[in-house]
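Structure at a glance
What follows is the residue order along each chain.
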Amino acid sequence: MASARRFLTLAVVLAGARYNAAFPRHMSYFIGAVEHIEARNPNLKPLDVVKGLREISGLDDMFTQHYLGRISDRRSGAALLLDSEVSQFLGDVIQHRVTDRGEEEGVVLAHDGTTVALAPLLLGLEAGLLGKSGARSSGLHALTLTQMLGRAFLGLRGPALTRGLGTKGCWNNLVSPKVFTLSRTPSFMTDALINGGMDGTILGNELSGTTEHPLKLSSLLTGYYRYHAGPEGLNTAAPLISVLRRDNFKALVSPSVLQEQVLDSLRVYWTLRGDVPVEDPAPVVKQGVEIFMQTHTACPTIISRCEWGAAPYRGTPTQLTLPLSYMYIHHTYEPGEPCVSFEQCAAAMRSMQRYHQESNGWDDIGYSFVAGSDGYIYEGRGWYWQGAHTGGYNSKGYGVAIIGDFTVRLPSQHTLNLVKDELPACAVSGGRLVPTYIVHGHRQMVATECPGNALYEEIGTWPHFCER
């Protein structure tokens, strides 16, 4: 019923008025448009639907043709039946580009709070479905990620590679997202392109390996992007969901395999263009793959301040002197219930920030980072700015809170792993925490019950915990 309501809402909005360039750029509307296509074209298979989407959006350059063939050669001669407004919406929402104003187009806000480029996602789906049909495409990784990664590696050298790979951005509105503006000068490879490329690789690989009758494309996308966690968070989650894209991608591609895939993609790209590289690309690609794996698979996904809707910092922040030596563990107590979706966690972050700023009179939310039970870490003061989390010790360590009251129960195991292992490992590898960092509970430093008896007992078993 929910799916039908989304389709009807989209159909009414699009059919009842001329296309508006400010139509919300959200994954739910894209999936609704795919449902519209499937309803109007009930006899088309998922592969034909994906090819039709590629035709609408004009994804037919030489590199794509090399692996998927020309659009005009698609197996089904039936043209998609769909409203012109839907066609206009799909063409605009799939075509990727960055404008002179730094706005990234061809991206949508997913239900998990991340931003996804649709073009590499759709190319991965088509490559996977071709494999399923017996005409296996060897270009799954090339079409989704590795060709773009290779060009980014070669365009960014030295320190610029670390800074420029995976540029994030901010939506103008989280409820009705319309404009996505990059947070700094964009690299060739934005964070949205990486997310879409990972998703295309994961789903394409899944499609090429299954022998079951294919689902509708909209059903596949709904299952992947609209997972609703229960009270246990991700403990009992289905493995094929967008929140777990980094874990799933890391399981599919090792650094050595990714390096070879990038080099192979570049060779095909140069051959098609008639270009000859002036130097051996292997050393730069090796360095780029190491940085990519560190920033986008070894580190957890961190939802930035603008992504959860933070209010501005009040006053002038104090910069930390890195690396730090401590990590202080908190629970939020209020909200007392763990948040299990982006919508819940982002609302909790905004609520805590309002309380810290307006009731406590602080400049900002006090914590450095906050872990939700939706699978993500949320940026508070962040890596570089002193927080207000552990009185007298704010300059010495990061304050990391877990949303919920953990006096008598524990967070989900997935959430505990984020705080115990993934976030500190990311901090150490990035030079923000010393390798011998020490974990303390908030109550060890300040007279408080925080982080709750159950959580405090748990962190006492962690390798870096130290009695004070």
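Now for a look at the structure at hand.

The rules we used
- Residues numbered from 1 in each chain as written.
- Predicted model: local features only at pLDDT ≥ 70, side-chain atom pairs only at ≥ 80, totals over all residues.
- Heavy atoms only, no water.
- Pairing = 2+ DSSP bridges.
- Helix = DSSP H or I, 4+ residues; strand = E, 2+ residues; numbered from the N terminus.
- Contact = heavy atoms within 4.5 Å.
- Axes fitted to C-alpha atoms, helices over the stretch in contact; angles between N-to-C directions.
- 1 Å grid on protein atoms, 1.4 Å probe; cavity = no way out; pocket = protein on both sides within 12 Å on 5 of 7 lines; lining within 4 Å.
- Points joined across faces, edges and corners; volume = space filled by probe spheres on them.
- Nonpolar A, V, L, I, M, F, W, Y, C, P; charged D, E, K, R; others polar.
- Core = buried A, V, L, I, M, F, W, Y, C linked by side-chain atoms within 4.5 Å.
- Buried < 20%, exposed > 50% of the residue type's maximum accessible area, 1.4 Å probe, protein only.
- Salt bridge = Lys/Arg side-chain N within 4 Å of Asp/Glu carboxyl O.

**A look at the sheet that holds strand β7 (residues 302-303)**
- Spatially, the six strands line up as an open sheet ordered β7-β10-β9-β11-β8-β12, and their pairing is mixed. At either end of the open sheet lies a strand with only one pairing partner, and these are β7 and β12 (433-441).
- Sheet topology note: the β7/strand β10 (residues 377-379) ladder contains two bridges and is parallel. In the strand pairing of β10, I302 is matched with I377.
- In the packing of helix α15 (residues 342-359) onto the sheet, the strands contacted are β7, β9 (369-371) and β10, and the crossing angle to β10 comes to about 35 degrees.
- The strands touched by helix α16 (residues 413-429) are β7, β8 (324-331), β9, β10, β11 (397-402) and β12; relative to β12, the strand with the most contacts, the crossing angle is about 150 degrees.

**Structural notes on the environment of Y393**
- By secondary structure assignment, the location of Y393 is in the loop between β10 and β11.
- On a C-alpha basis, the gap between Y393 and M445 in space is 7.9 Å, while along the polypeptide they are 52 residues apart.
- Apart from residues lying up to four places away in sequence, Y393 is in contact with Y328, M445 and R468.

**Points about empty space enclosed by the protein**
- Inspection of the entire model under this criterion finds three cavities of 30 Å³ or more.
- Its volume calculated, the largest cavity comes out at about 110 Å³.
- Taken together, 13 residues make up the lining of the largest cavity; nearest its centre are V243, R246, D247, G375 and E422.
- Sorting the residues of the lining of the largest cavity by element identifies α11 (245-252) and α16 as the ones contributing at least two each.
- For the lining of the largest cavity, a count of residues per class yields six nonpolar, four polar and three charged.
- Put simply, the second largest cavity is a space of about 80 Å³.
- Residue contributions to the lining of the second largest cavity peak at three residues, all from helix α9 (residues 191-209).
- Across the lining of the second largest cavity, the residue classes break down as two nonpolar, six polar and four charged.

**Quick word on the nonpolar core**
- Of all hydrophobic cores here, the largest spans 77 residues; its most connected members are F30, L53, L90, L125 and F292.
- No other element matches the nine residues that helix α6 (residues 118-132) contributes to this core.
- If we skip the residues at most four places from it in the chain, L90 touches F30, A33, I37, L53, I56 and L82.

**A look at the pattern of salt bridges**
- One pass over the full model with this rule turns up 16 salt bridges.
- Across the pair E290 and K286 runs a salt bridge, and its minimum N-O distance is 2.8 Å. With a gap of four residues between them, E290 and K286 both fall in helix α13 (residues 282-298), about one helical turn apart.
- Judged by relative accessible area, which is 47%, E290 ranks as partly exposed.
- Given a relative accessible area of 40%, K286 falls into the partly exposed group.
- Among the charged side chains, a salt-bridge network with shared partners connects K51, R54, D60 and E126.

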